[in-house]
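# Observations on chain architecture
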Amino acid sequence: MKVIENYKNFTDTKKSIVTIGTFDGVHIGHQKIIEQLVNTAKKNNCNSVLLTFFPHPRMVLQKDNSIKLINTIDERIEILQKTGLDYLIIHPFDKEFSRLTAFDFVRDILVNHLHTSHLVVGYDHRFGRNREGDFEQLEEYGAMYDFDVHEIPAQDINAISVSSTKVRKALSDGEMQKVKKYLGHYFSLSGIVVKGERLGNTIGYPTANLEIKESYKLVPKKGAYLVRSIIDNTEVYGMMNIGVRPTVHGAHQTIETYFFNFQGDLYEKHLKIELLEFLREEQKFESVDALKKQLALDKKKSLELLEN
């Protein structure tokens, strides 16, 4: 899969089968759409192309910094790499681009740049300035410019019974097995290990303090999790705590992971950590000793889960 930033940099002249969307989470519903796209493209000797936009339109048009996405853009690229797509085009979304009319969008992007012969869209897809374009308009433009339009019916999407909204809800509830079922893989957090307050070292549970630079990345429910990562080409398991550490009067949310059977310096390393299972809610303990006892119980529960 070739990743292209800005549709103007797409230079392949072969006909394309195109889909458009955010594809946040790249859940199993998205995967089904992409699989159909890739298969149709292969049968017709066309390029399979996914066109997406970044930042999310709401971040630009409504200055909505509260929006949280299941994937960072880098995570989305990593997942899409495995789908068999020929091209992923990430077009920068800004106010100037948002003023493009539906007609100009079709003519300039889909027809003149991407050489679209077939377009696949969701049943409620809107596009162009003020979301003025809809499926009926796409069909009109398709007849004008000689491309087919396929709308994925609502019942097809509902039959899969998954949506990005459902994934977000499961993450906010700590239902990690449900999240895995929806995504087809474990949810992960990625970032750089930074120096923390080193309290874990003093109680026998040294932790890697993960800093996620993307403020729009969705972080799941506060609490303790069983996790997995690859460090120096070795699979390691551990326990992650997401929260404000009320026992030691923490002032801001941290993401700290204690890895079992691991010794080594992780500072400044980039880690991708998969969240396998929710262990318990975050809670305030009466003392550091009480916290230490709970961590021992968390570790015991984690090892039992791994054995099973």
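Structure: see above.
Presented here is a report on the structure given in the accompanying data block. If you're wondering where the values come from, they're calculated on a predicted model, not measured in any experiment.

Scanning the chain for helices and strands turns up 11 helices and 12 strands. Seen through its C-alpha atoms, the chain measures out along the principal axes to roughly 75 × 40 × 35 Å. Out of the 308 residues in the chain, the part that is buried amounts to 47%. Here the analysis covers contacts within the chain between residues at least 6 apart in sequence; of these, 73% occur between residues at least 24 apart. Element-wise, carbon and sulfur atoms account for 47% of the exposed surface of the chain, whose accessible area totals about 15,900 Å².

What follows is about helix α5 (residues 102-111). Inspection of α5 places Ala102, Phe105, Val106, Ile109, Leu110 and Val111 among the buried residues, and these make up the whole buried set. The buried residues of α5 all sit within an arc of 155° when viewed along its axis, so they share a single face.

On to the sheet that holds strand β10 (residues 234-243), then. The strand order around the closed barrel formed by 6 strands is β7-β8-β11-β10-β9-β12, and the pairing between neighbours is antiparallel. Strand-to-strand, the axes of this sheet are offset by a mean angle of 45°, without reference to chain direction. As judged from the 6 bridges shared by β10 and strand β11 (residues 254-259), these two strands associate in the antiparallel manner. Bridge pairing in β11 places Ile242 opposite Ile255. Contacts from helix α11 (residues 288-307) reach β9 (223-231), β10, β11 and β12 (270-280), with the element oriented near 95° to β12.

Mapped onto the fold, Thr116 is located in strand β5 (residues 116-122). Setting aside anything within four residues of it in sequence, one finds Thr116 in contact with Ser16, Val18, Leu110, Asp146 and Phe147.

Right, let's talk about the packing of helix α8 (residues 164-172) against helix α9 (residues 176-183) for a bit. Taken N-terminus to C-terminus, the directions of α8 and α9 make an angle of 160°; their axes are 8 Å apart at the nearest point. By the angle class used here, α8 and α9 are roughly antiparallel. Regarding α8 and α9, the two cross each other, and that crossing is left-handed. Between α8, through Lys166, Val167, Ala170 and Leu171, and α9, the contact on the second element is made entirely by Met176, Lys178, Val179, Tyr182 and Leu183. In the contact of α8 with α9, the residues fall into 7 nonpolar, no polar and 2 charged.

Pairs of aromatic rings are described using the distance from one ring centre to the other and the angle between the two planes. One pass over the full model with this rule turns up 13 aromatic pairs. Measuring from ring centre to ring centre gives 5.8 Å for Tyr258 and Phe260, while their planes differ by 70°; the resulting arrangement is edge-to-face. Considered together, Tyr258 and Phe260 belong to a single accessibility category, that of buried residues. Each residue in the set Phe53, Phe93, Phe97 and Phe105 is aromatic and connected to the rest through ring pairs, giving one cluster.

Assignment of secondary structure puts His56 in the loop between β3 (47-54) and α2 (57-61). Residue classification places His56 among the buried residues on the basis of a relative accessible area of 17%. With residues near it in sequence (within four places) discarded, His56 still touches Thr22, Ile67 and Leu69.

Procedures and definitions
Residues numbered from 1 in each chain as written. Predicted model: local features only at pLDDT ≥ 70, side-chain atom pairs only at ≥ 80, totals over all residues. Heavy atoms only, no water. Helix = DSSP H or I, 4+ residues; strand = E, 2+ residues; numbered from the N terminus. Buried < 20%, exposed > 50% of the residue type's maximum accessible area, 1.4 Å probe, protein only. Contact = heavy atoms within 4.5 Å. Areas by Shrake-Rupley, 256 points an atom, 1.4 Å probe, with all protein chains shown as cover. Arc of directions from axis to C-beta. Pairing = 2+ DSSP bridges. Axes fitted to C-alpha atoms, helices over the stretch in contact; angles between N-to-C directions. Parallel < 35°, antiparallel > 145°, perpendicular 65-115°, else oblique. Left-handed = near helix turned anticlockwise from the far one by under 90°. Nonpolar A, V, L, I, M, F, W, Y, C, P; charged D, E, K, R; others polar. Phe/Tyr/Trp six-rings, centres within 6.5 Å; stacked < 30°, edge-to-face > 60°.

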